[in-house]
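# Reading the structure
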2 protein chains.
Amino acid sequence: MRSAAVVGTGLIGTSIALALRGRGVTTYLIDTNPEAARIAADLGAGIAGRPRVPVDLAVLAVPPQHVAAALKEHQSQDLAHDFTDAASVKELPQRQAARAGCDLTRFVGGHPMGGREQSGPLAAKDDLFQGRPWVLTPSPETRVQAVERARRLAELCGARPVVMAHAEHDRAVALTSHAPHLVSSLLAARLLHGEQTQLGLAGQGLQDVTRLAAGSAELWTDILGSNAVAVADVLAEFALDLHQVVDALRGLGTVREPEQRRAHTELLSTALVRGIQGRARIPARSTTPGPNMSTAFAAAPRGA
Amino acid sequence: MRSAAVVGTGLIGTSIALALRGRGVTTYLIDTNPEAARIAADLGAGIAGRPRVPVDLAVLAVPPQHVAAALKEHQSQDLAHDFTDAASVKELPQRQAARAGCDLTRFVGGHPMGGREQSGPLAAKDDLFQGRPWVLTPSPETRVQAVERARRLAELCGARPVVMAHAEHDRAVALTSHAPHLVSSLLAARLLHGEQTQLGLAGQGLQDVTRLAAGSAELWTDILGSNAVAVADVLAEFALDLHQVVDALRGLGTVREPEQRRAHTELLSTALVRGIQGRARIPARSTTPGPNMSTAFAAAPRGA
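Residues numbered from 1 in each chain as written. Chains lettered and ligands numbered in written order. Predicted model: local features only at pLDDT ≥ 70, side-chain atom pairs only at ≥ 80, totals over all residues. Heavy atoms only, no water.

Let us now look at the interface of chain B and chain A. Contacts between the two partners involve 93 residues from chain B and, on the opposite side, 93 residues from chain A. Roughly 8,600 Å² is buried in total at the junction of chain B and chain A, and carbon and sulfur atoms are behind 68% of that figure. Of all residues in chain B, B:Leu201, B:Arg279 and B:Arg281 give up the largest surface area on contact with chain A, accounting jointly for 10% of the area buried on that side. Where chain B packs against chain A, one counts six salt bridges. Residue A:Asp241 pairs with B:Arg190 through a salt bridge whose shortest N-O separation is 3.0 Å. Our count for the chain B to chain A interface comes out at 23 residue pairs in polar contact (both at pLDDT 80 or more). Per-element accounting of the side of chain B that touches chain A gives the leading share, 20 residues, to helix H10 (residues 228-254) of chain B. Partitioned by chemical class, the residues of the side of chain B that touches chain A number 50 nonpolar, 27 polar and 16 charged. (Contact = heavy atoms within 4.5 Å. Buried area = accessible area lost by both parts, 1.4 Å probe. Salt bridge = Lys/Arg side-chain N within 4 Å of Asp/Glu carboxyl O. Polar contact = N/O pair within 3.5 Å; in protein donor to acceptor, adjacent residues only side chain to side chain. Helix = DSSP H or I, 4+ residues; strand = E, 2+ residues; numbered from the N terminus. Nonpolar A, V, L, I, M, F, W, Y, C, P; charged D, E, K, R; others polar.)

The structure is reproduced here in C-alpha cells:
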C-alpha cells in the first residue's frame, strides 16, 4: 500500500492516519469539518485535502449511520481503488450501502478494536490499535484485492486482522462493548439522584464501572441505534438476572424464616460467583486469542 | 492513642495495623485464623496475639454479619477500652449489637472508604486509606471518648473522618458502591454466555466495567445481604431505566415510522447524556468534599 485516504479525522481516523504515515504511506485527510482535517495534518497525520489520483485504499472513519452515504459519495468521486470503514457496527452499514447502490465489490467492512474516552484528532495515538483485533467483514461481493488491502491496513497499524460475518461481529460487540457501555451509562445516571454527601463516599470502583459512560453521547446514540436488536437481546437477559437479585435482596430485607433467607443468600452468592467466572473469561490484552486471518478467512461464514 | 488491637487481619485490618505501627502505636493482631495474624505480624503490622491489659481501641475488621458477635466476645474479654469496626454496612451491625447486649457506650461504627480487588493480609498497604473518607456512625449511647479514639484512628491512617447517621451511610454506599458492585457482577456473568471468539473482541472498557466483579463472593454476599433494602431500592430504579432503553432499542429494531424512531433515539440519547452528567458528579479523589468532623458532629442525625 502506497497511498491512502482517511475520511473523518476524529480519534479513530487520525490514529489510523498517524500509523500509516509512520509506515511511509502517503495519506490524505478528509473531513466534513475542514478544521478537523487541518488539525490532523498539523499533528503529522498526512495531507489535508483530496488526492488528485485515486489512492489504494480509503478508510471511512465515520459513525455507523454515515458509512453508506460516505461510501456512495467517495466512490462516485473515485477517491480510492478500494474502500473500508472503521465503524463499530457492521450489518446495518453493509445493508445501507447495498440499498444506496454502492460498488460492493470494492468495499469491505472493518472495525479496529481500540478507543479512548477522549474523542477528536487531538486524542489520537499512532499505537491505538497495537496488538488489538481488527475485524474485517467481507460480503459475498467483496473482491479479494479489497480484503487484502484492508488486511494490510490493519497490519500497518500493528493490529491483528480477524475475519467475521457481519451479524457475528455485531452480536460480539453487543456483548463485550455496546451493552456494557449502556449499563455503565445507566449506572452513572443514577448518581444524579444522589446527594453530594453520598457521592463524597465514592471510590475507585465507581470511577472504573462508570468510565465508559463518559463517551460521546452523539456517537454512542448512533452506535447503539445501529446495533439495536443485538444490544436489546443482551440487556433483556441482563434484566432477567437483575430482577432475580432484586427479588432476593427484597426477600432478605423482609423475610425472617431461615430456610427462605438461605435460598435468597444462595442466589446472591451464585450471582457473584458467576460474575467472577465471567470476568475470568476476558482474554488478557497482550494475548487475546482469536482466529488468524489466513485460517479464519476460508472458514468464516459470509454474507451481510 | 498508645495501643490498639485489630480483630480480623485481612486486607482492611492489616492495612489499618500497618498504618498504626508506622505511627508508633503498639498494635495487637487477632484473627480466628492464627496463620493470618502471624502473616500480618511478619509483614510488620504488629504483635500476633492478645494484649495482657486492655488497649485503648480495638478495631473489628470483620464482615458486617460478624461485627456484633465479635464485639460481644471481645468486650466480655476486656480487649479494649473502646471499640469500633470497619464494616461496609452500619445499621444492621448496630442493631445486632444492641440485641446481643453489647456495651454500646463504648462502641462507635466506622467505615474506612478504601479497598482493593485483592484480599488478605498480603494485599495490605499502610496508605490504603490515605486521603479517603472514614465514616463514623455514633449512636445516641456512644460516649464521647469512643468517638474521639475512632477519629484519632482515622487520622493516624491518613483518612478524613466524616460523621453520618447509620441509615444515611448505608443509603450512600448502596448508591456508590454496593449497587455498582452487583451490576458489575451481573454484567460479567453475561460473559459466560459468550463464545470465546466473541470475547476475543473485548477491550479495556469491558475490563474497567467488570473490575468490581472480581471481588470476594463470600465477603460481598455478606455486605449485600446486610444492606439488602437500600441496594434493592437503587437497583429497582436502575431496572426501570433499563427497561426504557431496552424498549427504545426494540423499537429502533422494528419500527420504520420516522417520528417514532426519533422518539426512541431521543430516549437513548437522553440516557447517555444523563450518564455523562452523573459521572461528572463523582468527586475527584484528592479533593473529595464532605463534612468536616468537628462541624458535622453536632449537626449529624443520631441513632441507629
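A separate point is the pairing of strand S8 (residues 160-163) of chain A. Within a regular strand, the side chains alternate between the two sheet faces. All names here are of chain A. The sheet contact formed by strand S7 (residues 133-137) and S8 spans four bridges and is parallel. For Trp134, the partnering residue across the bridge sits in S8 and is Pro161. Considered for its hand, the β-α-β crossover made up of S7, helix H5 (residues 144-156) and S8 is right-handed. (Pairing = 2+ DSSP bridges. Right-handed = clockwise from strand over helix to strand, strands pointing away.)

All names here are of chain B. Taken in spatial order, the eight strands make up an open sheet running S3-S2-S1-S4-S5-S6-S7-S8, and their pairing is mixed. Edge positions in the open sheet fall to strand S3 (47-48) and strand S8 (160-163), since each of these has one partner strand only. By the bridge criterion, five bridges tie strand S4 (residues 55-60) to strand S5 (residues 80-85) in an arrangement that is parallel. When the sheet's bridge partners are listed, Leu60 is paired in S5 with Asp85.

Turning to the domain arrangement of chain A, a few remarks are in order. All names here are of chain A. Each assigned domain of chain A is listed here: domain 1 (3-164 + 287-299) and domain 2 (170-280). Distance between the C-alpha centres of domain 1 and domain 2: 33 Å. On the domain 2 side, the residues contacting the 13 residues of domain 1 number eleven residues. Carbon and sulfur atoms supply 60% of the area buried between domain 1 and domain 2, which totals about 950 Å² over both sides. Considering only the surface of domain 1 that becomes buried against domain 2, Ser88, Val89 and Glu117 emerge as the three largest contributors, covering 47% of it. Taken together, the connections running from domain 1 to domain 2 amount to zero salt bridges. (Domains from an automatic or database assignment.)

Residues and elements named next belong to chain A. Taking 1.5 Å of rise per residue, 25 residues should cover 36 Å, and helix H6 (residues 166-190) covers 34 Å from first to last C-alpha, within 8% of that figure. Along H6, the largest kink reaches about 55° and is centred on Ala174. Within H6, 21 of the 25 residues are buried, leaving the element largely enclosed by the surrounding structure. (Expected span 1.5 Å × (residues − 1). Bend = angle between axes of the 7 residues up to and from the residue. Buried < 20%, exposed > 50% of the residue type's maximum accessible area, 1.4 Å probe, protein only.)

Glancing now at the nonpolar core. Generally speaking, a soluble globular protein has its nonpolar side chains buried in company with each other. Ranked by internal contacts, the top residues of the largest apolar core, which has 68 residues, are A:Leu235 and B:Leu235. Ignoring any residue separated from it by four or fewer positions in sequence, one finds B:Leu235 in contact with A:Leu242, A:Val245, A:Val246, A:Leu249, B:Ala179, B:Leu182 and B:Val183. (Core = buried A, V, L, I, M, F, W, Y, C linked by side-chain atoms within 4.5 Å.)

This part covers the packing of aromatic side chains. Scanning the entire structure with this criterion turns up three aromatic pairs over all chains. On the numbers, 6.4 Å between centres and 75° between planes, the contact of A:Phe238 with B:Phe238 is edge-to-face. One end of the pair, A:Phe238, is in helix H10 (residues 228-254); the other, B:Phe238, is in helix H10, on a second chain. Both residues of the pair, A:Phe238 and B:Phe238, count as buried. (Phe/Tyr/Trp six-rings, centres within 6.5 Å; stacked < 30°, edge-to-face > 60°.)

Time to look at the environment of A:Thr105. Residues and elements named next belong to chain A. Residue position: Thr105 is located in the loop between helix H4 (91-99) and strand S6 (107-112). Residue classification places Thr105 among the partly exposed residues on the basis of a relative accessible area of 33%. Separated by 91 residues in the primary sequence, Thr105 and Thr14 place their C-alpha atoms 26 Å from one another.

Turning to the sheet that holds strand S2 (residues 26-30) of chain A, a few remarks are in order. Adjacent strands of a sheet pair through backbone hydrogen bonds, lying either parallel or antiparallel. In space, the eight strands of this open sheet follow the order S3-S2-S1-S4-S5-S6-S7-S8 (chain A), with mixed pairing throughout. If you trace the sheet from one side to the other, it starts and ends with strand S3 (47-48) and S8 of chain A, each paired once.

Residue and element names in this part refer to chain A. For the pair H4 and H6, interaxial distance at closest approach is 8 Å and the crossing angle is 145°. Together, Glu91, Leu92 and Gln94 of H4 and His166, Ala167 and Asp170 of H6 make up the contact between the two elements. Of the residues assigned to the contact of H4 with H6, the class counts are two nonpolar, two polar and two charged. (Axes fitted to C-alpha atoms, helices over the stretch in contact; angles between N-to-C directions.)

Residue and element names in this part refer to chain A. Where helix H3 (residues 67-76) meets H4, the axes come as close as 8 Å, and the angle between the chain directions of the two elements is 40°. The angle between H3 and H4 places the two elements in the oblique class. Both H3 and H4 take part in a crossing whose hand is right-handed. Along its contact with H3, which presents Val67, Ala68 and Leu71, the element H4 presents Pro93, Gln96 and Ala97. (Parallel < 35°, antiparallel > 145°, perpendicular 65-115°, else oblique. Left-handed = near helix turned anticlockwise from the far one by under 90°.)

Its rotation angle being 180°, the transformation that places chain B on chain A also includes 0.0 Å of axial translation and leaves an RMSD of 0.0 Å. The superposition operator between the copies reduces to a two-fold rotation axis. Within chain B, B:Val209 has its C-alpha nearest the rotation axis, a separation of 2.0 Å. Comparing interface residues between copies, 100% of those in chain B also sit at the interface in chain A, which points to an isologous, same-surface contact. (Least-squares fit on C-alpha atoms with pLDDT ≥ 70 in both.)

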